[in-house]
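The chain contents come next:
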Amino acid sequence: MAGTYRIEVMHGVNLNMLGRRDPEHYGTLTLMQLEQRISEFARELDLEVRFLQTNAESEFVEHLHGLPDLADGLILNPGAWTHYSWAIRDALEIAALPAVEVHLSDVKAREQWRRVSVIEELCVASVCGKGPDGYREALGMLRAELEKARA
Ligand code: DQA
């Protein structure tokens with residue numbers, strides 16, 4: 001039954017600066033407004049969401065360590081860590097939860113260094129370049145994944 005799935009939405013480094021970052025890539029919403037939007041999407045999909053944003057890689061990693069007790073699945077946008085943090089990649093592997101990677105901007109069509117994702121292979125899917133709507137898509141994918149696992 002849906003409605004019982006707990007989804008953690010984790011934002012990494014510099015995502016607290018949304019609203020002050022290049023609007024061409026990241027839009028104009030602040031992180032708080034983005035989280036409100038995500039909460040609405042979650043309500044429509046009958047999912048529970050909780051949020052974390054941090055600029056400290058150790059906090060991000062430690063949060064992943066504790067996540068199996070708190071959540072059924074996760075959406076993560078680690079910001080620039082996506083492209084090089086093997087520590088986050090390993091922590092995600094340890095968490096062993098269904099995860100979807102989301103980026104507001106189209107990382108595959110930007111600088112070369114942004115095209116690499118060290119977490120991609122551990123995620124059910126990656127959603128890039130769709131702005132806030134990418135989170136709706138990610139929530140839908142996670143719900144489908146969790147329902148498949150439960151069936
Ligand atoms: C981002 C893309 C990253 O390359 C960048 O470092 C960010 C945000 C995105 O949401 O588009 O901080 O993850």
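Look above for the structure.
Residues numbered from 1 in each chain as written. Predicted model: local features only at pLDDT ≥ 70, side-chain atom pairs only at ≥ 80, totals over all residues. Heavy atoms only, no water.

### Observations regarding the sheet that holds strand S5 (residues 125-128)
So, step 1. Strand order in this open sheet of 5 strands is S2-S1-S3-S4-S5, and the pairing throughout is parallel. At either end of the open sheet lies a strand with only one pairing partner, and these are strand S2 (48-53) and S5. When the angles between neighbouring strand axes are averaged without regard to direction, this sheet yields 20°.
So, step 2. Pairing between strand S1 (residues 6-11) and S2: 6 bridges, direction parallel. Across the sheet, the residue bridging to Ile7 is Val49, located in S2. (Pairing = 2+ DSSP bridges. Helix = DSSP H or I, 4+ residues; strand = E, 2+ residues; numbered from the N terminus. Axes fitted to C-alpha atoms, helices over the stretch in contact; angles between N-to-C directions.)

### Concerning the site of the ligand
So, step 1. Taken together, the residues surrounding the ligand are Arg21, Tyr26, Asn77, Gly79, Ala80, His83, His103, Leu104, Ser105, Val107 and Arg114.
So, step 2. Contacts to the ligand include His103, whose side-chain N or O atom sits 2.8 Å from an oxygen atom.
So, step 3. Taking Leu104, its main chain carries an N or O atom lying 2.8 Å from an oxygen atom of the ligand.
So, step 4. Surface burial for the ligand is 99%, taken as the share of its 320 Å² of free accessible area covered by protein chains.
So, step 5. Tallied by class, the residues present in the shell around the ligand amount to 4 nonpolar, 5 polar and 2 charged. (Near = heavy atom within 4 Å. Polar contact = N/O pair within 3.5 Å; in protein donor to acceptor, adjacent residues only side chain to side chain. Areas by Shrake-Rupley, 256 points an atom, 1.4 Å probe, with all protein chains shown as cover. Nonpolar A, V, L, I, M, F, W, Y, C, P; charged D, E, K, R; others polar.)

### A short note on the environment of Thr82
So, step 1. Within the secondary structure, Thr82 sits in the loop between strand S3 (73-77) and helix H4 (86-95).
So, step 2. On the basis of relative accessibility, which here comes to 1%, the residue Thr82 falls in the buried class.
So, step 3. For the pair Thr82 and Val118, spaced 36 residues apart in sequence, the C-alpha to C-alpha distance is 6.1 Å.
So, step 4. Ignoring anything within four residues of it in the chain, the contact list for Thr82 reads Glu101, His103, Val116, Ser117, Val118 and Ile119. (Buried < 20%, exposed > 50% of the residue type's maximum accessible area, 1.4 Å probe, protein only. Contact = heavy atoms within 4.5 Å.)

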